[in-house]
Amino acid sequence: MTYSPATQDQLLAIRVNAGIADLAASERFAAAESDMVEAIVEGIGAFAAGEWAPLNRAGDLEGAKLENGVVRLAAGFAEAYADYVAQGWNAIAGPAEFGGQGLPFTLACNVLENLGTANMAFSLLPMLSVGATEALDHHGSEAQKALYLPKLVSGQWSGTMNLTEPQAGSDLGALRTTATPIEGGEHAGKYRIAGQKIFITFGEHDLAENIIHLVLARLPGAPEGSRGISLFLVPKYHINDDGSPGPRNDVRCVSLEHKLGIHASPTCVMSYGDNGECIGELVGAENRGLAAMFTMMNNARINVGNQGVQIGERATQAALAYARERVQSARAGSPDKTPVAIAEHPDVRRMLLRMKALTEGARALLYYTAGQVDRGTLGDEAADGRGDVLVPLIKAWGTDVGVEVASLGVQVHGGMGFIEETGAAQHYRDARIAPIYEGTNGIQAADLVTRKLGLENGAVFAALMADIARDAAGDEPALAALANDCAAIGEWMGDTATLDDRLAGSVPFCTMSAVAVAGWQLLRQLRAVEAGEAPGPAAKRASVRFFLDRIVPEATGLKASAMAGAEPLYALTSEQLAG
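Reference entry: report on the structure contained in this document. Starting from 1, residues in each chain are numbered consecutively following that chain's sequence as written. Selection of residues for local features in this predicted model requires a pLDDT of at least 70, selection of side-chain atom pairs for listing and counting requires 80 or more, and totals for whole chains, interfaces and linings are taken over all residues. To get the side-chain values, all heavy atoms of the structure are used, and hydrogens and water are removed first.

### Comments concerning the packing of aromatic side chains
Ring pairs (aromatic) are described by centroid distance and by the angle formed between their planes.
Phase 1: Stacked, edge-to-face and tilted labels apply to pairs of Phe, Tyr and Trp rings (six-membered ring for Trp) whose centres lie within 6.5 Å, assigned for plane angles under 30 degrees, over 60, and everything in between, in that order. If you walk through the whole model with that rule in mind, you get 10 aromatic pairs.
Phase 2: Arranged with centres 6.4 Å apart and planes meeting at 55 degrees, the rings of Phe-47 and Trp-52 form a pair that is tilted.
Phase 3: Following the ring pairs from residue to residue traces out a cluster consisting of Phe-47, Trp-52, Phe-77, Tyr-81, Tyr-84 and Phe-122.
Phase 4: Counted as over-ring charges are cases with an Arg CZ or a Lys NZ within 6 Å of the ring centre that also lie within 35 degrees of the ring normal. Over the face of the ring belonging to Tyr-237 we find Arg-248, whose NZ or CZ atom lies 5.7 Å from the ring centre.

### So, the environment of Glu-554
Phase 1: Per the convention used, a helix needs a DSSP run of H or I reaching at least four residues, while a strand needs a run of E reaching at least two, with both numbered from the N terminus. Examined against the element boundaries, Glu-554 turns out to sit in helix α18 (residues 540-556).
Phase 2: With a 1.4 Å probe rolled over the protein chains alone, any residue whose accessible area is under 20% of its type maximum counts as buried; one over 50% counts as exposed, and the rest are partly exposed. Glu-554 sits in the partly exposed class, given a relative accessible area of 40%.
Phase 3: Sequence separation between Glu-554 and Ala-78 is 476 residues; the distance between their C-alpha atoms is 45 Å.

### Structural notes on the environment of Ser-543
Phase 1: Relative to the helices and strands, Ser-543 resides in helix α18.
Phase 2: Between the C-alpha atom of Ser-543 and that of Met-355, which follows or precedes it by 188 residues, the distance is 9.0 Å.
Phase 3: Apart from residues no more than four positions distant in its own chain, Ser-543 is found in contact with Leu-353, Lys-356, Ala-357 and Glu-360. The contact criterion used is simple: two residues touch if any of their non-hydrogen atoms lie within 4.5 Å.

### Points about helix α15 (residues 477-495)
Phase 1: Its 19 residues give α15 an end-to-end C-alpha distance of 27 Å, which sits within 8% of 27 Å, the value for a rise of 1.5 Å per residue.
Phase 2: Residues of α15 that are buried: Leu-479, Ala-480, Leu-482, Ala-483, Asp-485, Cys-486, Ile-489, Gly-490, Trp-492 and Met-493.
Phase 3: Its buried side turned inward, α15 meets α13 (441-450), α14 (459-472), α16 (499-504), α17 (506-530), α18 and α19 (559-562). In a helix, the anticipated span is given by 1.5 Å times the number of residues less one.

### With respect to the side chain of Asp-430
Phase 1: Take Asp-430: it is sitting in helix α12 (residues 424-431).
Phase 2: Here Asp and Glu are counted as negative and Lys and Arg as positive; His is not counted, and neither are the chain ends. In what follows, salt bridge is the name for a side-chain nitrogen of Lys or Arg lying within 4 Å of a carboxyl oxygen of Asp or Glu. Arg-429 provides the closest opposite charge to the buried, salt-bridge-free Asp-430, at an N-O distance of 4.7 Å.
Phase 3: Excluding residues within four positions of it along the chain, Asp-430 makes contact with Met-120, Gly-261, Ile-262 and Ile-311.

### Details of unusual backbone geometry
Phase 1: Its identity as a non-glycine residue notwithstanding, Ser-329 has a phi of 70 degrees, on the positive side.
Phase 2: Relative to the elements of secondary structure, Ser-329 occurs in the loop between α9 (289-325) and α10 (346-377).
Phase 3: On the basis of relative accessibility, which here comes to 42%, the residue Ser-329 falls in the partly exposed class.
Phase 4: Of note, the phi angle at Glu-438 is positive, near 60 degrees, even though the residue is not glycine.
Phase 5: Along the chain, Glu-438 turns up in the loop between α12 and α13.
Phase 6: For Glu-438, a relative accessible area of 15% puts it in the buried group.

### Observations regarding the pattern of salt bridges
Phase 1: Evaluated as defined, the whole model comprises 33 salt bridges.
Phase 2: Here Asp-60 makes a salt bridge to Arg-57, at a shortest N to O gap of 3.5 Å. With Asp-60 and Arg-57 both in helix α4 (residues 56-62), this residue pair falls three residues apart, about one helical turn.
Phase 3: Accessibility expressed as a relative area gives 8% for Asp-60, which makes it buried.
Phase 4: In this structure, Lys-356 and Glu-360 form a salt bridge, with 3.4 Å as the shortest nitrogen-oxygen distance. Of this pair, Lys-356 and Glu-360 both sit in helix α10, separated by four residues, roughly a single helical turn.

### A few points about the packing of α10 against α18
Phase 1: Across the interface, α10 lies against α18 with an axial gap of 8 Å and an inter-helix angle of 90 degrees. The orientation of α10 relative to α18 falls into the category roughly perpendicular. Contacts from Arg-350, Leu-353, Arg-354, Lys-356, Ala-357, Leu-358, Glu-360 and Gly-361 in α10 reach Lys-540, Ala-542, Ser-543, Phe-546, Phe-547, Arg-550, Ile-551 and Glu-554 in α18.
Phase 2: Residue type decides the class: Asp, Glu, Lys and Arg count as charged, Ala, Val, Leu, Ile, Met, Phe, Trp, Tyr, Cys and Pro as nonpolar, and the leftover types, Gly among them, as polar. Its residues assigned to classes, the contact of α10 with α18 shows seven nonpolar, two polar and seven charged. For helices, the fitted line uses only the C-alpha atoms of the stretch in contact; every axis is such a line through C-alpha atoms, and the angle between N-to-C directions lies from 0 to 180 degrees. Any angle that is under 35 degrees is reported as roughly parallel, and any over 145 degrees as roughly antiparallel; angles of 65 to 115 degrees are reported as roughly perpendicular and all others as oblique.

### A closer look at the side chain of Glu-281
Phase 1: Considering the arrangement of structural elements, one finds Glu-281 in strand β12 (residues 279-283).
Phase 2: The term polar contact refers here to a pair of N or O atoms within 3.5 Å; inside protein, the definition further demands a hydrogen-donor-capable atom paired with an acceptor-capable atom, and it admits residues adjacent in sequence only when both atoms are side-chain atoms. Within the structure, Glu-281 has its side chain in polar contact with the side chain of Tyr-148 (distance 3.0 Å).
Phase 3: Beyond its immediate sequence surroundings of up to four residues, Glu-281 is in contact with Gln-144, Tyr-148, Lys-190, Leu-231, Phe-232 and Leu-233.

### Remarks on the packing of α13 against α17
Two numbers describe a pair of packed helices, the interaxial angle and the distance between the axes.
Phase 1: At a closest axis distance of 8 Å, the pairing of α13 and α17 adopts a crossing angle of 80 degrees. Considering the angle they form, α13 stands roughly perpendicular to α17. Where α13 approaches α17, its residues Gly-442, Ala-445, Ala-446, Leu-448 and Val-449 are matched on the opposing element by Ser-506, Val-507, Phe-509, Cys-510 and Ser-513.
Phase 2: Tallied by class, residues from the contact of α13 with α17 come to seven nonpolar, three polar and no charged.

### Description of the nonpolar core
Phase 1: Core analysis: the largest hydrophobic core is formed by 144 residues, its most contacted members being Trp-397 and Phe-509.
Phase 2: Counting 29 residues, the second largest nonpolar core, distinct from the first, contains Met-161, Leu-175, Met-293 and Met-297. By nonpolar core we mean a set of buried residues, namely Ala, Val, Leu, Ile, Met, Phe, Trp, Tyr and Cys, connected to one another through side-chain atoms within 4.5 Å.

Right under this line is the structure:
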């Protein structure tokens, strides 16, 4: 199926939800004027559809292959990545002093949305490089930034994030990789890194001329647990004095994981220091590596939420095209017994509208989050705090949306959806990783109720829900009621609930909160379109009404689950549960 970028809906979300015009009024983002924004959104859409989308199926079928220590991707990937770098797409939001364009994070999100909708597995490569750039920009030394950032910003070099180890999944405090200071010789002042990391996306490949690994490890005598983790920069190739790649560092890909989906993205087992000569540099302060890495992870969590939008859009387009072409049975109750396209049948129409509404809702939440992040960059402390609250919402609910919409896409295709040749199954397989990596969605919900809910003693979350309730009170009582329920649950969790009670209700509470914010942002879109303030897709009113009239009430129904407490979960012992 031909992929068409959702340019009009993207521009609507960027204008209304991110508030790009307000950002452009600042000195820092002055270049983000309307014509520039339109050129970027249209340009990356055309590039993604023309060069990355045609590789999606081949990447899934052929996958990444490890040959003699080198990971090779399917034919065409190297050329498509080289064109991406040559056209400057990787540098959209990169720091201007290192060759970036210094544009808002909002526009970098749009680049990734288009690339990922075209080819989700491939888009993980630039996504991680953008995150590595941000981590180094915030925590690297001036020398490190001068040496590494220009090439990372351009995309000439790529970046990775190395956290997970075989014995330490989400519990990073259990990692065992070590970093030993080097006292003398040519690498004096650096560190010998030794250990193994798993699930390292694009840890090895042949598309960029160097790979910059950001690796969590322990220094000798470091405190136990997460307080004793430091961050190290480990290049695949050492850097010559002129900045070019030099000899190979002692780091290698041991194997590739065989995965359910995202086959074109190599998920590597990486070994550091097999010969005792893996050289790395400390990034930031000793034993403060987790804080530095979270800069990259926060960026990645928003962009993984973006992947829910990406897969949702691609699956929706495929389902709509199939449902309009597939003719089967007469419309129920119609005097005309001529078979019609399945898009005319009520339940198929329900699924298609649900797919559109969920995808557009996730997109609205994505760009609202990105806009708050950009305002935080400009020094708006209230927006910065609100952005912190929104991150777990877009990551968790956004990726849940991607899975649900991809599953509905298979259902719309019927039996043909279960057949690989239609492509619907690939979207479902690809989508399933997103609720797992960069912190599982359960971890995101836990982050919401244990950290984000307590910001300013609950005032940040309460202000968000109060804004929604106030804006919806007149004409959208169901949305206002949902926001008030979220506020009440948040207050209960902050004042009365035990930690176990909060965690037991965290996932339904996270869903309720995300739906409230997404519904609010869709309402803002609809009002802007109907007032003539911003153009939008012709079907906007139908998809927004579906969201507000059906999805919002569903979320309200989660209140009982959010407040049920932990006791029912432990009515059985583990043995009884298994028996």
